[in-house]
Amino acid sequence: MTLRKAIFPIAGLGTRFLPATKSVPKEMLPVVDKPLIQYAVEEARAAGIEEFIFVVRPGNRTIEAHFSRSPDLEDNLRRRGRKAELESIISSCIDPAKARYVPQDRPLGLGHAISCAQEYAGDEPVAILLPDDLIRAPAPCLVQMAEAFGRRGGNMIAVMDVPKVEAPRYGMVEPGHRDGRLIEIKGLVEKPTPEAAPSTLAIVGRYIVQPGVFRHLMRRQPGAGGEIQLTDALASMIGEAPCHGFRFEGRRFDCGAKIGFLEANLAYALSDSMIGEEARRLVRRYASGEAVSSAGGR
Ligand code: UTP
């Protein structure tokens with residue numbers, strides 16, 4: 001039950017980040033110096049993923065350009081002796097034979113985006129990573145999940161506890177038997193009211209799914225928010241395949257929202273070996289109010 005392929009759905013409109021995301025996908029926004037999509041690809045690589053399927057906005061080549069070799073830039077860096085930068089941009093590239101860029105013609109939701117990848121996902125389990133959920137962990141989240149998946153199989157979804165008032169922002173889990181970090185899933189509901197939420201366990205953007213999910217996605221009608229929901233397709237598979245939540249070890253940053261994105265930048269900057277010290281000084285100045293009063297509005 002090895003995992004070889006991953007889907008990265010990155011065709012959303014990112015309206016919460018307009019105007020930044022008008023022509024640049026939100027997954028290209030950087031946390032310190034690396035775009036969100038690159039963190040996700042590195043996590044997938046660590047989990048042994050060999051084939052990368054990106055579901056992109058039609059006509060948008062930004063992601064493909066990011067993972068392709070760039071001879072002029074490489075020559076320039078080489079001439080200037082910028083070894084570290086040169087190594088970093090070369091090692092982040094993906095062999096073009098191992099990368100697929102599939103357009104999602106219209107932004108009809110996450111479930112629809114996943115169904116666009118069916119042709120390349122084939123008849124084997126596949127990982128799904130939502131790059132705007134950035135997860136910082138001692139062992140990358142997908143590595144933790146792949147290990148558990150190797151033992152249990154079925155469908156597996158990363159979960160974490162959230163305050164019940166936040167349930168309307170998430171897919172929520174109806175939990176069954178618990179076994180360490182694994183939680184049997186008896187039901188799933190997308191964006192319920194706090195009163196209707198079956199628990200405080202929320203879905204986070206990491207999944208390992210069986211190929212049968214595509215059949216269920218094809219049958220779906222638009223659900224919450226008028227979109228085709230991956231959660232609904234996974235819910236309809238319960239009973240057909242084992243379904244587990246995986247309570248990962250680590251911290252998740254919601255980089256699809258401004259505050260979560262800001263927090264991620266703070267957390268990564270404060271522990272960065274190059275800029276950490278200066279970042280900590282800066283944060284202290286702002287926290288004391290000293291810098292705020294002189295910075296003015298925007
Ligand atoms: P979100 O709902 O967070 O993204 O989708 P969004 O719609 O782009 O953002 P806002 O709410 O307008 O700010 C979660 C993930 O699913 C992808 C997004 O790119 C993101 O990775 N997605 C969403 C698609 O690929 N296609 C879609 O139609 C919708």
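Being a predicted model, the structure only gives us computed values, none of them experimental. (Residues numbered from 1 in each chain as written. Predicted model: local features only at pLDDT ≥ 70, side-chain atom pairs only at ≥ 80, totals over all residues. Heavy atoms only, no water.)

> Would you explain the pattern of salt bridges in this entry?
A pair can form between side chains of opposite charge whenever their charged atoms are brought close. For the coordinates displayed, the defined rule picks out 22 salt bridges. Glu-74 serves as the salt-bridge partner of Arg-69, at 2.9 Å between the closest nitrogen and oxygen. On the accessibility criterion, Glu-74 (5% relative accessible area) is buried. Between Asp-179 and Arg-152 there is a salt bridge, with the nearest N and O atoms lying 2.5 Å from each other. You can see Asp-179 sitting in strand S9 (residues 171-179) and its partner Arg-152 sitting in helix H7 (residues 141-152), a full 27 residues away along the chain. Accessibility expressed as a relative area gives 39% for Asp-179, which makes it partly exposed. In this structure Arg-152 comes out as partly exposed when scored by relative accessible area, which is 32%. (Salt bridge = Lys/Arg side-chain N within 4 Å of Asp/Glu carboxyl O. Buried < 20%, exposed > 50% of the residue type's maximum accessible area, 1.4 Å probe, protein only. Helix = DSSP H or I, 4+ residues; strand = E, 2+ residues; numbered from the N terminus.)

> Got a minute to help me understand unusual backbone geometry in this structure?
With the exception of glycine, the majority of residues adopt a negative phi angle, and the majority of peptide bonds are in the trans configuration. Cis geometry is found at the peptide bond from Leu-18 to Pro-19, where omega equals 5 degrees. At Val-32, a residue that is not glycine, the phi angle is positive and equals roughly 60 degrees. Within the fold, Val-32 resides in the loop between strand S2 (30-31) and strand S3 (34-35). Residue Val-32 is classed as partly exposed on the basis of its relative accessible area of 29%. Not every positive phi belongs to a glycine, and Lys-191 is a case in point at roughly 45 degrees. Take Lys-191: it is sitting in the loop between strand S10 (182-190) and strand S11 (201-209). Taking relative accessible area as the criterion, Lys-191 reaches 41% and is therefore assigned partly exposed.

> Can you help me understand the packing of helix H3 (residues 71-79) against helix H4 (residues 83-91) in this one?
Relative orientation and spacing of two packed helices are given, respectively, by the angle between their axes and the distance between those axes. Axis separation between H3 and H4 bottoms out at 9 Å; the angle between their running directions is 155 degrees. With respect to each other, H3 and H4 are oriented roughly antiparallel. Judged by the twist between their axes, the crossing of H3 over H4 is left-handed. When H3 is examined against H4, the residues Leu-73, Glu-74, Leu-77 and Arg-78 are found in contact with a partner set consisting of Glu-85, Leu-86, Ile-89 and Ile-90. Its residues placed into classes, the contact of H3 with H4 shows 5 nonpolar, no polar and 3 charged. (Axes fitted to C-alpha atoms, helices over the stretch in contact; angles between N-to-C directions. Parallel < 35°, antiparallel > 145°, perpendicular 65-115°, else oblique. Left-handed = near helix turned anticlockwise from the far one by under 90°. Contact = heavy atoms within 4.5 Å. Nonpolar A, V, L, I, M, F, W, Y, C, P; charged D, E, K, R; others polar.)

> I tried to follow a nonpolar patch on the surface on my own but got confused; where do I start?
Taken together, the side chains of Ile-259, Leu-262, Leu-266 and Val-283 make up a nonpolar region of the molecular surface, amounting to roughly 350 Å² of accessible area. In terms of residue count, helix H10 (residues 258-270) provides more of the nonpolar patch than any other element does, 3 residues in total. Here Leu-266 shows up in helix H10. With a relative accessible area of 37%, Leu-266 lands in the partly exposed category. (Patch = residues over 30% accessible without salt bridge, like charges linked within 9 Å, V, L, I, M, F, W, Y side chains within 5 Å. Areas by Shrake-Rupley, 256 points an atom, 1.4 Å probe, with all protein chains shown as cover.)

> Help me understand the packing of helix H1 (residues 36-46) against H7, please; the structure alone is not making it clear to me.
Close contact between H1 and H7 brings their axes to 7 Å; oriented N to C, the two are set at 35 degrees. Regarding H1 and H7, the two cross each other, and that crossing is right-handed. In contact with Glu-43, Ala-44 and Ala-46 of H1, H7 contributes Cys-141, Leu-142 and Val-143. The class makeup of the residues in the contact of H1 with H7 is 5 nonpolar, no polar and 1 charged.

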